[in-house]
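Here is what each chain is made of, one letter per residue.
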Amino acid sequence: MDISRLRAAFPERRIEYYDEVDSTMLAAACLPLRSVVLAERQTAGQGRHGRTWHSEPGNGIYCSVVLEPTPFLTLALGLAAQQAIVDAVGIACDLRWPNDLMLNGRKVGGILVQLVDGSAIAGIGINVNHGSFPAELAEEATSLRLAAGREIAREEILVALLAAIDAFAAESGETILRLFTQASSYAVGRRVRVEQPGGVVVGTTEGLDPAGYLRVRQDDGTVTLIVAGGVRALSA
Ligand code: BTN
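Reading the values: the criteria
- Residues numbered from 1 in each chain as written.
- Predicted model: local features only at pLDDT ≥ 70, side-chain atom pairs only at ≥ 80, totals over all residues.
- Heavy atoms only, no water.
- Helix = DSSP H or I, 4+ residues; strand = E, 2+ residues; numbered from the N terminus.
- Rg over C-alpha atoms; globule rule 2.2 N^0.38 Å.
- Buried < 20%, exposed > 50% of the residue type's maximum accessible area, 1.4 Å probe, protein only.
- Contact = heavy atoms within 4.5 Å.
- Areas by Shrake-Rupley, 256 points an atom, 1.4 Å probe, with all protein chains shown as cover.
- Lys, Arg positive; Asp, Glu negative; His and termini not counted.
- Charge placed at Lys NZ, Arg CZ, Asp CG, Glu CD.
- Axes fitted to C-alpha atoms, helices over the stretch in contact; angles between N-to-C directions.
- Parallel < 35°, antiparallel > 145°, perpendicular 65-115°, else oblique.
- Left-handed = near helix turned anticlockwise from the far one by under 90°.
- Nonpolar A, V, L, I, M, F, W, Y, C, P; charged D, E, K, R; others polar.
- Expected span 1.5 Å × (residues − 1).
- Near = heavy atom within 4 Å.
- Polar contact = N/O pair within 3.5 Å; in protein donor to acceptor, adjacent residues only side chain to side chain.
- 1 Å grid on protein atoms, 1.4 Å probe; cavity = no way out; pocket = protein on both sides within 12 Å on 5 of 7 lines; lining within 4 Å.
- Sits in = over half its atoms within 2 Å of the grid points.
- Pairing = 2+ DSSP bridges.

## Side note on the overall build of the protein
Then, in step 1: Tallying secondary structure elements over the protein gives six helices and 12 strands in all.
Then, in step 2: Computed over C-alpha atoms, the radius of gyration of the protein comes to 17 Å, within 12% of the 18 Å expected from 2.2 N^0.38 for 236 residues, which places it in the range of a compact globule.
Then, in step 3: Here the C-alpha coordinates of the protein stretch approximately 55 × 40 × 30 Å along the principal axes.
Then, in step 4: Looking at the protein as a whole, 49% of its 236 residues are labelled buried.
Then, in step 5: Within the protein, residue pairs in contact and separated by at least 24 positions form 54% of the contacts whose partners lie at least 6 positions apart.
Then, in step 6: When the accessible surface of the protein is totalled, it reaches about 10,600 Å², and 49% of it is carbon and sulfur.
Then, in step 7: Looking at charge distribution, the protein has the averaged site of its 21 positive side-chain charges lying 3 Å from that of its 27 negative ones.

In structure tokens, the structure reads:
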């Protein structure tokens, strides 16, 4: 990765770049606000709910940014990643509430936010130039390269991403909810299946509540608030 291009675009920011790291989340944990950590490979990439994040060396964006905690930061980061990919690559990803970047019905990126000592560590993983995936991910993951049919410069996305993160993180919570609802095909009118600790919810999405949770109306009319992800699309 041409890290000098990124440092030239953001001369005032601390940008740490590793060939290999356990997780950029851990490397970013004690850095000052606005610091950025990037890695070519992660040996212990973290996903949500204790999962690991497949971090193919040299082909992905594995990035953590230290931010002030703001309302709906996970949703704001999804919007930022979506915007950055449109700006840099010209591809419009979908957003699957709350933190998945989707392309052609498959996951192309994910967002992870952790609060550490009063700062928000914003983790963004994007499958950029992956040519294939391990068997267990092959049906649910994709990359920008597989969709675009060409290699993509990760620096272009990162320059757009850091600018977009600043812009979306400065928006009000109300604006983030409105923009996310417009930007995500999952927010309203989508048939979904959601695995919850108490059982499976099947129904149609009805937007976000003021706390940012996803409303799903089941076929018996009951509205369930989904608070922790696990949303999967069903055919209508
Ligand atoms: C998810 O969808 O489960 C969230 C995935 C977040 C992955 C990124 S890659 C950069 C940062 N470092 C990590 O260890 N995880 C996040």
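Once the structure has been displayed, the description carries forward.
## Observations concerning the packing of helix 3 (residues 73-89) against helix 6 (residues 173-183)
Then, in step 1: One way to put it is that helix 3 packs onto helix 6 with a least axis distance of 10 Å and a crossing angle of 50°. Between helix 3 and helix 6, the interaxial angle falls into the category oblique. In this structure, helix 3 meets helix 6 at a crossing whose hand is left-handed. The residues of helix 6 that touch helix 3, namely those facing L75, A76, L79 and Q82, are I176, L177, L179, F180 and A183.
Then, in step 2: Of the residues contributing to the contact of helix 3 with helix 6, the split by class is eight nonpolar, one polar and no charged.

## Observations regarding the side chain of S119
Then, in step 1: Mapped onto the fold, S119 is located in strand 7 (residues 119-127).
Then, in step 2: Owing to a relative accessible area of 15%, S119 belongs among the buried residues under this scheme.
Then, in step 3: Ignoring sequence-local partners within four residues, the contact set of S119 consists of L33, V66, L67, P69 and Q114.

## A closer look at helix 3
Then, in step 1: Between the first and last C-alpha of helix 3 there are 24 Å, a value that for 17 residues agrees with the 24 Å anticipated at 1.5 Å per step.
Then, in step 2: In terms of residue burial, helix 3 counts as a mostly covered element, since 13 of its 17 residues are buried.

## Structural notes on the site of the ligand
Then, in step 1: Lining the immediate environment of the ligand, one finds 21 residues, of which S23, T24, Q46, R48 and K107 sit closest.
Then, in step 2: Note that a nitrogen atom of the ligand is positioned 2.9 Å from one of the side-chain N or O atoms of T24.
Then, in step 3: Take N99: an N or O atom from its side chain is 3.2 Å from an oxygen atom of the ligand.
Then, in step 4: Comparing atom positions with the cavity grids shows the ligand to sit within the largest pocket.
Then, in step 5: Secondary structure elements with two or more residues in the shell around the ligand: helix 2 (24-28), strand 3 (60-67), strand 6 (106-116) and strand 7.
Then, in step 6: At four residues, the largest contribution of residues to the shell around the ligand is made by strand 6.
Then, in step 7: Looking at the shell around the ligand residue by residue, the class counts come to seven nonpolar, 11 polar and three charged.

## Brief notes about the sheet that holds strand 10 (residues 214-218)
Then, in step 1: Read across the sheet, five strands follow the order 11-10-9-8-12 without closing on themselves; strand pairing throughout is antiparallel. The outermost strands of the open sheet, each flanked by one partner alone, are strand 11 (223-226) and strand 12 (231-233). Within this sheet the neighbouring strands show an average axis-to-axis angle of 45°, counted without direction.
Then, in step 2: Pairing between strand 9 (residues 199-208) and strand 10: four bridges, direction antiparallel. Counterpart to G203 in the pairing with strand 10 is Q218.

Fair warning: the whole summary comes from geometry, so function is off the table for now.
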